[in-house]
Amino acid sequence: MWWDALLDPFRGKAVTIPPMDGAFRPNTLLETAETFSEAAHPEALLVHEGRLLVASGADLLAFPLEGGAPVPLIRFETAISALAAFPDGGLAVGLVAGEVRLSGGRFDGRVITEVAGRRIHAPTALATLGEGVLYIADGSARFSADDWQSDLMAQGASGAVLRLDLVEGDGRILAEGLAWPAGLLIEPDRSVIVSEASRHRLLRITGDGRSKPQPVLSNLPGYPARLARATGGGAWLALMAPRNRLVELVLTERAYREDMMATVPRDLWIAPQMSSGNSFLEPLQCGGVVTMGVRKPWAPGRSYGLIARLDDHFRPICSLHSRADGRRHGIRDMAEIGGVLFAASRGGNVVLEIETGAA
């Protein structure tokens, strides 16, 4: 009701987050998964022409699917933030510098910095449709693609999903006002499923962008990142960090957040991170105190490893975890082929391989 806004300062407000239960019941499937390869801060994965492409900083590496040493493909001036491929083999590469470069294929050499009058700042995810349609998730109009925590703490909602027809030259803004769109999945009807990280939900956007985005999955226990089509139907969803009551409380305290952002290094903020336990200066909640050398797996963590399997209606049916006492945190992207799911753990500096049994 309208009077709630007037009464809330006097009656207080509970800080709640959804529990890890049901389809999100914890396990150690990510923590105990086989290591496919070590890689520094792997950000994006793509199965391409019989190889697994891994974006590691500014380097794009190609690994044989059966394992082995990588072959360096391209080195860019800035870090890679997203990958996608066209059917003719051409690659679309998002860069932290705020542009999308096309390499190989029909559109080789093109550089995209603007769509429909909107300057690209943070290309967080890419997807293709047919021979020449490119979808771009632009995470923020203020922060770069590697600065999600700043956008979250500033409570930004300036992200957008863009569609560019490279053949016709037609560019459109399908949706605006999004709180860090971080993943895209194109549906058979050409609608787009978007993961909106800072609002912990998935949205469906119509192919022409004329209808208001509709939530398809809300109130997730973590911050969703990229989506990948699962063999046998449904999708995989990476959740790059857990929701935490302390962080939720800080998000309600504007003056505290602004002071923290101005005076404290970003890695030490009370904010979700891709890894934790790296410095004694990190903020700590009582439940996270290491006792007799043991960190409780159920401790409130700043980082976590989590992948959810969704059914055809984007309902969670199971999940894979690396818990608070693990190291394979910050899962940003996945790719499945031949019954194997590859997962990029940015916090763990490793690419994992998990047998799914699907073929």
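The following paragraphs examine the structure supplied in this document. As the structure is a computational prediction, the values presented were derived from the model and not from experiment.

### Description of the overall build of the protein chain
1) Next: The number of helices and strands found in the protein chain is four helices and 26 strands.
2) Next: C-alpha extents for the protein chain along the principal axes are approximately 60 × 50 × 40 Å.
3) Next: Here the protein chain holds 359 residues, and 51% of them are scored as buried.
4) Next: The contacts in the protein chain between residues at least 6 apart in sequence include a share of 52% that link residues at least 24 apart.
5) Next: Computed over 36 positive and 41 negative side-chain charges, the separation of the two mean positions in the protein chain equals 5 Å.

### Brief notes about the sheet that holds strand β14 (residues 159-165)
1) Next: Overall, antiparallel pairing links the four strands, which are arranged β12-β13-β14-β15 in an open sheet. At either end of the open sheet lies a strand with only one pairing partner, and these are β12 (123-129) and β15 (170-178). Geometrically, the sheet is characterised by an average inter-axis angle of 15° between neighbouring strands, direction not taken into account.
2) Next: Note that β14 and β15 share seven bridges and pair antiparallel. Across the sheet, Val 161 pairs through a bridge with Ala 175, a residue of β15.

### Structural notes on the pairing of strand β17 (residues 192-196)
1) Next: Where burial is concerned, most of β17 is hidden: five out of the five residues are buried.
2) Next: With burial as the criterion, each face of β17 is covered, one bearing Val 192, Val 194 and Glu 196 and the other bearing Ile 193 and Ser 195.
3) Next: The pairing of strand β16 (residues 181-186) with β17 spans five bridges and is classified as antiparallel. What sits directly across from Leu 184, in β17, is Val 194.
4) Next: Where β16 hands over to β17, the hairpin turn is made up of five residues, of which Arg 190 adopts a positive phi near 75°.
5) Next: In this structure, β17 lies alongside strand β18 (residues 201-205), joined through five bridges in antiparallel fashion.

### A closer look at the side chain of Ser 150
1) Next: Looking at the secondary structure, you find Ser 150 in helix α2 (residues 148-153).
2) Next: Classification of Ser 150 as buried rests on a relative accessible area of 6%.
3) Next: Polar side-chain contacts of Ser 150 include one of 2.7 Å to the side chain of Asp 147.
4) Next: Ignoring any residue separated from it by four or fewer positions in sequence, one finds Ser 150 in contact with Phe 143, Met 261, Arg 266 and Trp 269.

### A few points about the sheet that holds strand β6 (residues 80-85)
1) Next: Strand order across the open sheet formed by four strands is β6-β7-β8-β9, with antiparallel pairing between neighbours. Two strands bound the open sheet, and with one partner strand each, they are β6 and β9 (111-112).
2) Next: Pairing of strand β7 (residues 91-95) with strand β8 (residues 99-103), which is carried by five bridges, proceeds in the antiparallel orientation. Looking at the pairing, Val 93 lines up with Arg 101 of β8.

Cut-offs used in this document
Residues numbered from 1 in each chain as written. Predicted model: local features only at pLDDT ≥ 70, side-chain atom pairs only at ≥ 80, totals over all residues. Heavy atoms only, no water. Helix = DSSP H or I, 4+ residues; strand = E, 2+ residues; numbered from the N terminus. Buried < 20%, exposed > 50% of the residue type's maximum accessible area, 1.4 Å probe, protein only. Contact = heavy atoms within 4.5 Å. Lys, Arg positive; Asp, Glu negative; His and termini not counted. Charge placed at Lys NZ, Arg CZ, Asp CG, Glu CD. Pairing = 2+ DSSP bridges. Axes fitted to C-alpha atoms, helices over the stretch in contact; angles between N-to-C directions. Polar contact = N/O pair within 3.5 Å; in protein donor to acceptor, adjacent residues only side chain to side chain.

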